[in-house]
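# Analysis of the macromolecular model
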Amino acid sequence: MILLLAACGQMNGDAGRAAAAGDQSDRIAGVASVIDGDTIEIHGQRIRLSGFDSPERGKTCAGTNVYQKAALFLSDQIGSRTVTCTSTGKDSYERSVATCSVNGADLGDLMVGAGWARDWPKYSQGAYADSEARARAARKGVWNLDCPNDLWGNRKYD
């Protein structure tokens, strides 16, 4: 009986360690390169930042390249600091989808709060809604520009 209990304890310990190792495989950390306002790359792995959307390539507002502005803002937030991401899965392009931070600051909150991205409730469950409301009220980023109706493409954000 004692041997049986000891064996069960060993198996539970192995399962716990395996689960912990699995949790670690969902974490990605390193110095990031910015691809655009909602995509980065760490160690050759493309990562779609989760829960928000930034303007797409070629989008302009009142002559301002907002696609570029969003990417540059994200790059300024990251600099050469370590970005830590927790992956939540893959997108249709096989990129990791992750929530990422720098020095404890959520990149989604920074981007949305500065007005260079918007909350995407379908994926964020409204995590960035307050940041977007504040950015809109303060007329930050795209919310201070005369933008076309199709700035966000034909995506639904409700």
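Before going into details, it helps to say that this report is about the structure given with it. (Residues numbered from 1 in each chain as written. Predicted model: local features only at pLDDT ≥ 70, side-chain atom pairs only at ≥ 80, totals over all residues. Heavy atoms only, no water.)

## Digging into the nonpolar core
Going by this rule: We call a set of buried residues a nonpolar core when its members are Ala, Val, Leu, Ile, Met, Phe, Trp, Tyr or Cys and they connect through side-chain atoms within 4.5 Å of each other. Whether a residue is buried, partly exposed or exposed follows from its accessible area with a 1.4 Å probe, protein chains only, as a fraction of its type maximum: under 20%, in between, or over 50%, in that order. Each helix is a run of DSSP H or I of at least 4 residues and each strand a run of E of at least 2, with the numbering of both proceeding from the N terminus. The contact criterion used is simple: two residues touch if any of their non-hydrogen atoms lie within 4.5 Å.
Membership of the largest hydrophobic core comes to 31 residues, with the highest contact counts inside it found for Ile 40, Ile 47, Val 83, Cys 85 and Cys 100. For this core, the secondary structure elements donating two or more residues are strand 1 (27-36), strand 2 (39-42), strand 3 (45-49), helix 2 (66-78), strand 7 (82-90), strand 8 (96-102) and helix 3 (107-113). Among all residues touching Cys 85, those that are not within four sequence positions of it are Asp 26, Arg 27, Ile 28, Ile 40, Ile 42, Ile 47, Ala 98, Thr 99 and Cys 100.

## What to know about the pairing of strand 2
What counts is decided by this rule: A pair of strands is labelled paired if DSSP reports no fewer than 2 bridges between them.
Sheet topology note: the strand 1/strand 2 ladder contains 4 bridges and is antiparallel. In the sheet register, Asp 36 faces strand 2, and the bridge partner there is Thr 39. Connecting the antiparallel pair strand 1 and strand 2 is a turn made up of 2 residues. As judged from the 4 bridges shared by strand 2 and strand 3, these two strands associate in the antiparallel manner. Bridging across to strand 3, Ile 40 finds its partner in Ile 47. What sits between strand 2 and strand 3 in their antiparallel hairpin is a turn of 2 residues, with His 43 showing a positive phi close to 50°.

## Quick word on helix 2
Rules: Any helix carries an expected span of 1.5 Å times its number of residues minus one. Note that the arc is defined by the directions from the helix axis to the C-beta atoms. Any pair of N or O atoms that falls within 3.5 Å is considered a polar contact. Within protein, one atom must be able to donate a hydrogen and the other to accept it, and sequence-neighbouring residues count only if both atoms are side-chain atoms.
In this model, helix 2 (13 residues) spans 18 Å end to end at C-alpha, consistent with the 18 Å of a helix rising 1.5 Å per residue. Listing the buried residues of helix 2 in full gives Val 66, Tyr 67, Ala 70, Ala 71, Leu 74 and Ile 78. Down the axis of helix 2, the sector holding all buried residues measures 140°, keeping them to one side. For helix 2, the side-chain oxygen to backbone nitrogen distance between the N-cap and Tyr 67 is 3.2 Å, and the N-cap itself is Asn 65. Following helix 2 by one or two positions, Gly 79 adopts a phi angle in the positive range, close to 55°.

## Thoughts on the state of the cysteines
Heads up, the rule is: Two cysteine sulfur atoms form a disulfide, by the criterion used here, when they sit within 2.5 Å.
For the coordinates displayed, the defined rule picks out 2 disulfides. Between the sulfur atoms of Cys 61 and its disulfide partner Cys 147 the distance amounts to 2.1 Å. Residues Cys 61 and Cys 147 share a disulfide whose torsion about the S-S bond is about 110°; that sign makes it right-handed. Placement of Cys 61 in strand 5 (residues 60-61) and of Cys 147 in the segment after helix 5 (129-137) is noted, with a sequence separation of 86 residues between them. Across a sulfur-sulfur distance of 2.1 Å, Cys 85 and Cys 100 are joined as a disulfide pair. When the S-S torsion is 110°, as for the bridge of Cys 85 with Cys 100, the disulfide is right-handed. On the criterion of sequence distance, the pair formed by Cys 85 in strand 7 and Cys 100 in strand 8 is long-range, its members being 15 residues apart. Like Cys 100, Cys 85 is buried. For the chain, numbering the cysteines in disulfides from first to last along the sequence yields the connectivity 1-4, 2-3.

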